[in-house]
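Secondary and tertiary structure notes
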Amino acid sequence: QVQLVESGGGLVQAGGSLTLSCAASGSIFSVGTMGWYRLAPGKQRELVATITSGGNTRYVDSLKGRFTISRDNAKKMLFLQMGSLKPEDTAVYYCNALIKEGMFAGSQTYWGQGTQVTVSS
């Protein structure tokens, strides 16, 4: 069974930094594109950034320059470095990944349980 587990969330003051991690485990043949999404109170889930297995990244325009997505393919881990945090970055951050469980299996989307990031003013 495939699992994605996020960690690294917490409470930080405005202007501070946090790094989120996401570890994929279980019956995994390959991991494709991975991404971070966030869900703020009263808002819809928002894409933060994605990264392909080859390292190509994409960010939502409003977060470019403050957030950096990266991954360690060997360890099946995903990271999100967040800097110059603002109160409006407060949200639950979710890890997402396209995973194949076998050579001939199709890719399926998996989600982590989320990690809370709270930025105080």
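The rules behind each value
- Residues numbered from 1 in each chain as written.
- Predicted model: local features only at pLDDT ≥ 70, side-chain atom pairs only at ≥ 80, totals over all residues.
- Heavy atoms only, no water.
- Pairing = 2+ DSSP bridges.
- Helix = DSSP H or I, 4+ residues; strand = E, 2+ residues; numbered from the N terminus.
- Axes fitted to C-alpha atoms, helices over the stretch in contact; angles between N-to-C directions.
- Patch = residues over 30% accessible without salt bridge, like charges linked within 9 Å, V, L, I, M, F, W, Y side chains within 5 Å.
- Areas by Shrake-Rupley, 256 points an atom, 1.4 Å probe, with all protein chains shown as cover.
- Salt bridge = Lys/Arg side-chain N within 4 Å of Asp/Glu carboxyl O.
- Buried < 20%, exposed > 50% of the residue type's maximum accessible area, 1.4 Å probe, protein only.
- Lys, Arg positive; Asp, Glu negative; His and termini not counted.
- Polar contact = N/O pair within 3.5 Å; in protein donor to acceptor, adjacent residues only side chain to side chain.
- Core = buried A, V, L, I, M, F, W, Y, C linked by side-chain atoms within 4.5 Å.
- Contact = heavy atoms within 4.5 Å.
- Disulfide = S-S within 2.5 Å.

Considering the sheet that holds strand β1 (residues 3-7)
Backbone-to-backbone hydrogen bonds pair the strands of a sheet. The strands run either parallel or antiparallel. Across the sheet, which stays open at both edges, the four strands sit in the order β1-β3-β8-β7 with antiparallel pairing between neighbours. If you trace the sheet from one side to the other, it starts and ends with β1 and β7 (67-72), each paired once. Sheet twist, expressed as the mean angle between neighbouring strand axes with direction ignored, is 15°. Pairing of strand β3 (residues 18-25) with strand β8 (residues 77-82), which is carried by six bridges, proceeds in the antiparallel orientation. Paired with Leu 18 across the two strands is Met 82, which belongs to β8.

Let's talk about a nonpolar patch on the surface
A contiguous nonpolar patch, built from Phe 29, Met 103 and Phe 104 and spanning about 410 Å² of accessible area, is present on the exposed surface. Summarising the element assignment, Met 103 is placed in the loop between β9 (91-100) and β10 (108-111).

Focus: the side chain of Arg 71
Structurally, the position occupied by Arg 71 is in strand β7. No salt bridge is formed by the buried Arg 71; the nearest opposite charge belongs to Asp 72, separated by 8.2 Å. Within polar-contact distance, the side chain of Arg 71 engages the backbone oxygen of Val 31 at 3.2 Å. At a separation of 2.6 Å, a polar atom in the side chain of Arg 71 contacts the side chain of Asn 73.

Regarding the nonpolar core
In this structure, Trp 36, Leu 80, Met 82 and Tyr 93 are the most contacted members of the largest nonpolar core, which totals 31 residues. Here Leu 80 is in contact with Leu 18, Thr 19, Leu 20, Trp 36, Val 48, Phe 67, Thr 68, Ile 69 and Tyr 93, once residues within four sequence places are set aside.

Brief notes about unusual backbone geometry
One non-glycine residue, Lys 76, lies in positive phi territory at about 55°. Tracing the chain through its elements places Lys 76 in the loop between β7 and β8. Positive phi, normally seen in glycine, also occurs at Ser 84, with a value near 50°. For Ser 84, the position within the fold is in the loop between β8 and β9. Taking relative accessible area as the criterion, Ser 84 reaches 44% and is therefore assigned partly exposed.

Notes on the state of the cysteines
Enumeration according to the criterion identifies one disulfide in this entry. The disulfide that involves Cys 22 links it to Cys 95, with 2.0 Å between the sulfurs. The disulfide joining Cys 22 to Cys 95 has a torsion of about -75° about its S-S bond and is therefore left-handed. Of the two residues, Cys 22 sits in strand β3 while Cys 95 sits in strand β9, which places them 73 residues apart along the sequence. For Cys 22, a relative accessible area of 0% corresponds to the buried category.

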